[in-house]
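# Per-entry structural report
Single-letter residue listing:
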Amino acid sequence: MANRGQWELQLAEPADTADVTKYKEQIDWTLRLIYTTTAVQKRNVAASGPEKYTEAFIKNQIEEFNLGKRHLANMMGEDPETFTQEDIDKAIAYLFPSGLFEKRARPIMKHPTEIFPKQRAIQWGEDHRPFHFLFYTGKQSLYSLMHEMYGKLLDIQKYQDHLRAQGLLAENRKQINLIGSRWLIKEELEEMLVEKLSDHDYLMCIQLLERLVTLPCCGIEEEYVLKFRKELAIQLKKVMIEPLQYDEQGVAFSTGEGKRKTSRATAVVYDNGSGKITVNRVDYLCYFPVMQDREQLMFPFQFLDRLGIHDMVCTVSGGGRSSQAGAIRLASARALCSFITENEVEFMRQAGLLTADPRIRERKKPGQEGARRKFTWKKR
Amino acid sequence: MAAARLLQAVVPRFCCLGSLGKAAPSTSQLSSRLYGTLLAPEANQQVDPTVINDKLITEPLRHPDFFNVKELFSLKELFDARVHLGHKKGCRHRFMEPYIFGCRLDQDIIDLDQTMKHLQLALNFTAHVAYRKGIILFICRNRQFGHLVEVTARDCGEYAHTRYWQGGLLTNAHVQYGTGIRLPDLLIFISTLNNVFEPHVAVRDAAKMNIPTVGVVDTNCNPSIITYPIPGNDDSPLAVELYCKLFKMTITRAKNKRKQMEVLYGLQKKADSS
């Protein structure tokens, strides 16, 4: 196990909120690193030997964590009682700025239950009789889950038969709404059960759940089934609701930002204009002598048949002429979204006007002359 | 060891195993099946009277049917549950021929008189094992009855395995489960075949590990290695429900009897000492 962390705090005055850097100099501490082994990664959990983290140890860690949290809150000048995990994250990011790319390698301070993996306690009592009735199968959590699910399926079928006998089945259909959610993936189910699953086992579980859901009266067990569903992140079709703004003369305008390669542009599109475009306080004809760039600028307006209606004032920096033109195009398209209907926004999106071009310059690799170009191949 | 002595007492024909010596009274009944533990004396031995109390354990062995399992079933009940129906003549296993009454329209009929005898022996044995706080494992690989068997096992307070049998569960236990595991003391097969109509691996493994087995054998099964075979139908729902009910009743009865006897001998001891 690498670098065990110790909280060694030498804080004298806890309530001095003035200078955090002063505290940083006073304190010398090393943070705990993340341990990689999880109960789930090992193939045979039970045979992995005696518990690596005893209950007493974990309790100790939790106490240390709470103490450290209070100290941190004092240091940052916040109230220790209302110091949430988000505040902790921000504080740690501030105190220990790290340039590492891998987010999981940066210093963290989290509750021990999130850091130390969940472990299985010893499965049998003093008389050596196992606690769980499916212990001898080897995969007790999985099979007890399937047993439970099948039990629920039988209950629903019994209920259905009961209704059918009374002739009330047709009216009392209650189905579960599965739109906007997905079944848990294998990793999530493994986490839930603290047990390694094979693909076959996972498939069996999901098939059983699907079967449960097809029954007409499955609404009775809706709560149970929804435990195995995860909400899909609602894809935001409209990225931003863009409201129109009005300046002193009452002219409507709207701003947009765009980028392309290394250029960054902001555009302000005004209503009641005559198609005048100003780039960096210079007329667009002078700023972009090349026809191609000017075509790029006018593309969004042309697409919406609003060529002579709008005025535009934009600022752009970075990149070359073509990428600046592309950046302004994106910025103006985004700004125009405020003036037009939803359908037209969708048309623009499909035309590719609202998508930032992700292409950037590919780096040069060693052993090659450029990004792709190799050195001249000499036969001898 | 304890199981061998039980066999001697209950079924005289196993007396040929008289070469098995007496079990040392001081070893606890648990030490025979523990893996990976040292032979240190166990903590629960010092004052626990039930382990040392010989009478509590030997008293049931004096009677041929201490738990009165005979009254739990009758020939008529077995017949109504269609226990006598076997498979077709072509599926017949050679070793099942002694248990078959006859063959009618190509379907084998199992002799219910023999079934009664075997069932009584088997239930008596399970009752004794449960009385001595043994671990009982129900096995049934028939998908139709897996849930029922699991529910039965859970209601008795015993264990069940109705899923895919991983190879080393009994023979490679300390690797599969961890050290200090206690293996089952009895396996009960509601169906001795697995999903591909071959003998279940657990039958052979239990024989290897000297674990006694009780099993319902149909006309296409091999009864040779099973300690207490019960010739009978293992495919009809009614028959299987009957078996589950019988096993549950015997086990609960045996456990209750145990509690009663403990109380009884506890009071007697108090009376003796005072």
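Residues numbered from 1 in each chain as written. Chains lettered and ligands numbered in written order. Predicted model: local features only at pLDDT ≥ 70, side-chain atom pairs only at ≥ 80, totals over all residues. Heavy atoms only, no water.

As recorded in an unreviewed UniProt entry, chain B goes by Small ribosomal subunit protein uS2m and comes from Mauremys mutica. The UniProt entry for chain B carries this comment under Subcellular location (unreviewed entry): "Mitochondrion". (UniProt positions renumbered as here; feature names shortened; annotations may be inferred.)

### What about the overall build of chain A?
The helix and strand inventory of chain A stands at 12 helices and 8 strands. Residues classed as buried in chain A amount to 36% of the 380 residues present. Counted over contacts in chain A with a minimum sequence separation of 6, partners at least 24 positions apart contribute 65%. Accessible area for chain A stands at about 24,200 Å²; split by element, carbon and sulfur atoms hold 53% of it. (Helix = DSSP H or I, 4+ residues; strand = E, 2+ residues; numbered from the N terminus. Buried < 20%, exposed > 50% of the residue type's maximum accessible area, 1.4 Å probe, protein only. Contact = heavy atoms within 4.5 Å. Areas by Shrake-Rupley, 256 points an atom, 1.4 Å probe, with all protein chains shown as cover.)

### Thoughts on the nonpolar core
Side chains of nonpolar character tend, in soluble globular proteins, to be buried together. All names here are of chain B. F138, V214 and F247 are the most contacted members of the largest nonpolar core, which totals 74 residues. At 11 residues, helix α9 (residues 237-273) tops the list of elements feeding residues into this core. Not counting residues up to four positions away in its chain, the partners in contact with V214 are A122, F125, L186, L187, I188, F189, I226, Y228, I230 and F247. Membership of the second largest hydrophobic core comes to 28 residues, among which are M96, I139, L170 and V203. (Core = buried A, V, L, I, M, F, W, Y, C linked by side-chain atoms within 4.5 Å.)

### Side note on the packing of aromatic side chains
Considering all chains together, one arrives at 15 aromatic pairs over all chains under this definition. Taking the centre distance of 5.1 Å and the plane angle of 85° together, the rings of A:Y287 and A:F288 count as edge-to-face. Among the residues examined, A:Y287 registers a relative accessible area of 27% and is labelled partly exposed. Here A:F288 falls in the buried class, since its relative accessible area comes to 1%. Feature note: the residues A:W124, A:F135, A:Y136, B:Y159 and B:Y177 constitute an aromatic cluster, connected by ring pairs. The ring of A:Y224 is capped by A:K152, whose NZ or CZ atom sits 4.7 Å from the centre of that ring. Residue placement shows B:R154 over the ring face of A:F133; its charged tip is 5.5 Å from the ring centre. (Phe/Tyr/Trp six-rings, centres within 6.5 Å; stacked < 30°, edge-to-face > 60°. Lys NZ or Arg CZ within 6 Å of the ring centre and 35° of its normal.)

### Description of the confidence of the model for chain B
Residue and element names in this part refer to chain B. Looking at chain B as a whole, the pLDDT averages 84, with 81% of positions reaching at least 70. Counted against residues more than four places away or in other chains, residues 7-29, with its pLDDT under 50, gives 20 contacts. Confidence over residues 37-47 falls short of pLDDT 50; this stretch has 10 contacts with residues more than four positions distant or in other chains. Reported confidence for the predicted complex is 0.78 by ipTM and 0.65 by pTM. (pLDDT = per-residue confidence, 0-100.)

### Re the sheet that holds strand β4 (residues 136-140) of chain B
Residue and element names in this part refer to chain B. Strand order across the open sheet formed by 5 strands is β5-β4-β6-β7-β8, with parallel pairing between neighbours. Unpaired on one side and paired on the other, β5 (159-161) and β8 (228-231) mark the two borders of the sheet. Each strand of the sheet is rotated relative to its neighbour by a mean of 20°, with strand direction disregarded. On the sheet, helix α5 (residues 112-131) packs against β4, β6 (186-191), β7 (213-217) and β8 and is oriented at approximately 140° with respect to β8. Sheet strands in contact with helix α8 (residues 201-208) are β4, β6 and β7, and its direction is about 160° off that of β6. (Pairing = 2+ DSSP bridges. Axes fitted to C-alpha atoms, helices over the stretch in contact; angles between N-to-C directions.)

### Re the interface of chain A and chain B
Counting residues at the interface gives 22 residues for chain A and 30 residues for chain B. Between chain A and chain B lies a buried interface of about 2,400 Å² when both sides are counted; carbon and sulfur atoms form 57% of it. Across the chain A-chain B interface, the total number found is 1 salt bridge. Taken together, the connections running from chain A to chain B amount to 12 residue pairs in polar contact (both at pLDDT 80 or more). A class-by-class count of the residues in the side of chain A that touches chain B yields 12 nonpolar, 7 polar and 3 charged. (Buried area = accessible area lost by both parts, 1.4 Å probe. Salt bridge = Lys/Arg side-chain N within 4 Å of Asp/Glu carboxyl O. Polar contact = N/O pair within 3.5 Å; in protein donor to acceptor, adjacent residues only side chain to side chain. Nonpolar A, V, L, I, M, F, W, Y, C, P; charged D, E, K, R; others polar.)

### Comments concerning the pairing of β7(B)
Residue and element names in this part refer to chain B. Judged by how many residues are buried, β7 sits mostly within the fold: 5 of 5 residues are covered. Along β7, one buried face is formed by T213, G215 and V217 and the opposite face, lined by V214 and V216, is buried too. Sheet analysis places β6 next to β7, joined by 3 bridges and oriented parallel. Bridge pairing in β7 links I188 to V214.

### A look at the pairing of β6(B)
All names here are of chain B. Counting buried residues along β6, 6 of its 6 residues qualify, which places the element largely inside the surrounding structure. Across 5 bridges, the pairing between β4 and β6 is parallel. Looking across to β6, one finds that C140 is bridged to S191. Note on the crossover from β6 through α8 to β7: the handedness is right-handed. (Right-handed = clockwise from strand over helix to strand, strands pointing away.)

### Quick word on the sheet that holds strand β2 (residues 100-104) of chain B
Residues and elements named next belong to chain B. Taken in spatial order, the 3 strands make up an open sheet running β1-β3-β2, and their pairing is antiparallel. Each end of this open sheet is capped by a strand with a single partner; those strands are β1 (85-88) and β2. Sheet twist, expressed as the mean angle between neighbouring strand axes with direction ignored, is 30°. Where β1 meets strand β3 (residues 107-110), 2 bridges bridge the pair, whose relative direction is antiparallel. Within the sheet, the bridge partner assigned to K88 lies in β3 and is Q107.

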